[in-house]
Amino acid sequence: MAGERAASATLSAASAGKAPRTERGRKTLRAILDAAAIEFGEGGFHDTSISGITRRAGVALGSFYTYFDSKDAVFRALVRDMSDQVRDHVTPHIRAAPDQIAAERAGLMSFIDFVRGHKEIYRIIDESEFVDPASFRAHYTTTAERITQRLESATARGEVHSDSPEVLAWAIMGMNVFLGLRYGVWDEDRSADSVADVMASLLARGIGVS
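Note that the structure is a prediction, hence the values are computed from the model and not measured.

Examining the overall build of the chain
Check the secondary structure of the chain and you find ten helices and zero strands. Taken from the N to the C terminus, the helices and strands of the chain come in the order α-α-α-α-α-α-α-α-α-α. Computed over C-alpha atoms, the radius of gyration of the chain comes to 18 Å, within 12% of the 17 Å expected from 2.2 N^0.38 for 210 residues, which places it in the range of a compact globule. For the chain, the C-alpha atoms occupy an extent of roughly 60 × 35 × 25 Å along the three principal directions. A total of 210 residues make up the chain; the buried ones form 48% of that total. For the chain, the proportion of contacts with a sequence separation of at least 24, taken over those separated by at least 6, is 69%. With the model as given, the accessible surface of the chain reaches about 10700 Å², and the carbon-plus-sulfur share is 54%. Mean positive and mean negative side-chain charge positions of the chain (25 and 29 charges, respectively) differ by 5 Å.

Looking at the nonpolar core
Counting residues in each nonpolar core, the largest one holds 58 residues, and the members touching the most others are Ile32, Phe40, Phe68, Val74, Ile121 and Ile124. Among the elements that take part in this core, helix H5 (residues 71-96) stands out by supplying nine residues, more than any other. In this structure, Phe40 is in contact with Phe45, Thr48, Ile53, Lys71, Val74, Phe75, Leu78, Arg123 and Ile124, ignoring residues within four places of it in sequence.

Digging into the confidence of the model for the chain
When pLDDT is averaged along the chain, the result is 92, and 94% of the positions lie at 70 or above. For the stretch residues 1-8, pLDDT sits under 50, and the model shows five contacts to residues farther than four places along the chain or on other chains.

Rules behind the numbers
- Residues numbered from 1 in each chain as written.
- Predicted model: local features only at pLDDT ≥ 70, side-chain atom pairs only at ≥ 80, totals over all residues.
- Heavy atoms only, no water.
- Helix = DSSP H or I, 4+ residues; strand = E, 2+ residues; numbered from the N terminus.
- Rg over C-alpha atoms; globule rule 2.2 N^0.38 Å.
- Buried < 20%, exposed > 50% of the residue type's maximum accessible area, 1.4 Å probe, protein only.
- Contact = heavy atoms within 4.5 Å.
- Areas by Shrake-Rupley, 256 points an atom, 1.4 Å probe, with all protein chains shown as cover.
- Lys, Arg positive; Asp, Glu negative; His and termini not counted.
- Charge placed at Lys NZ, Arg CZ, Asp CG, Glu CD.
- Core = buried A, V, L, I, M, F, W, Y, C linked by side-chain atoms within 4.5 Å.
- pLDDT = per-residue confidence, 0-100.

So this is what it looks like as structure tokens:
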């Protein structure tokens, strides 16, 4: 299922009418997105060039325009792609958890783990606020919606209590974002497991049913 979602996300990343039709095309598109993540992560949007992306991806310049209309287009696609990658990485861990507090703990721990391997995500997402505000907003609103849905289901099961699941979802997402920045990007001086323990304890005392 995760593999199917990843393949679907890769297909939808291309500009309108330019989705790859072959496995080779999908691999080329994936290579361009991965190269773009490194280029934008290292140099930022304005200092990154299409030629730099294609050189890093090891593909011809024409291959870029087979799938993307412009640098702006690949940047927008990359923001969506990275958001989807986070979702696909953390979702299995969340679903495997025995209850909602454990699920939020697992979500944070797997998010920190993802960030440590993809530190460029913070620069790219932050820069999208100015390069493409719609993508920036979509990244956070869709993430908050997923957390809200989890909390609503957990409240119905009697695992947590919350009169305002949407507000709480944004609060949890805010904690995750800044804990990921501190312990995933700036430094790795604490284990993701121990950081998640602290957050889970806070949630258990704040919204857990005693």
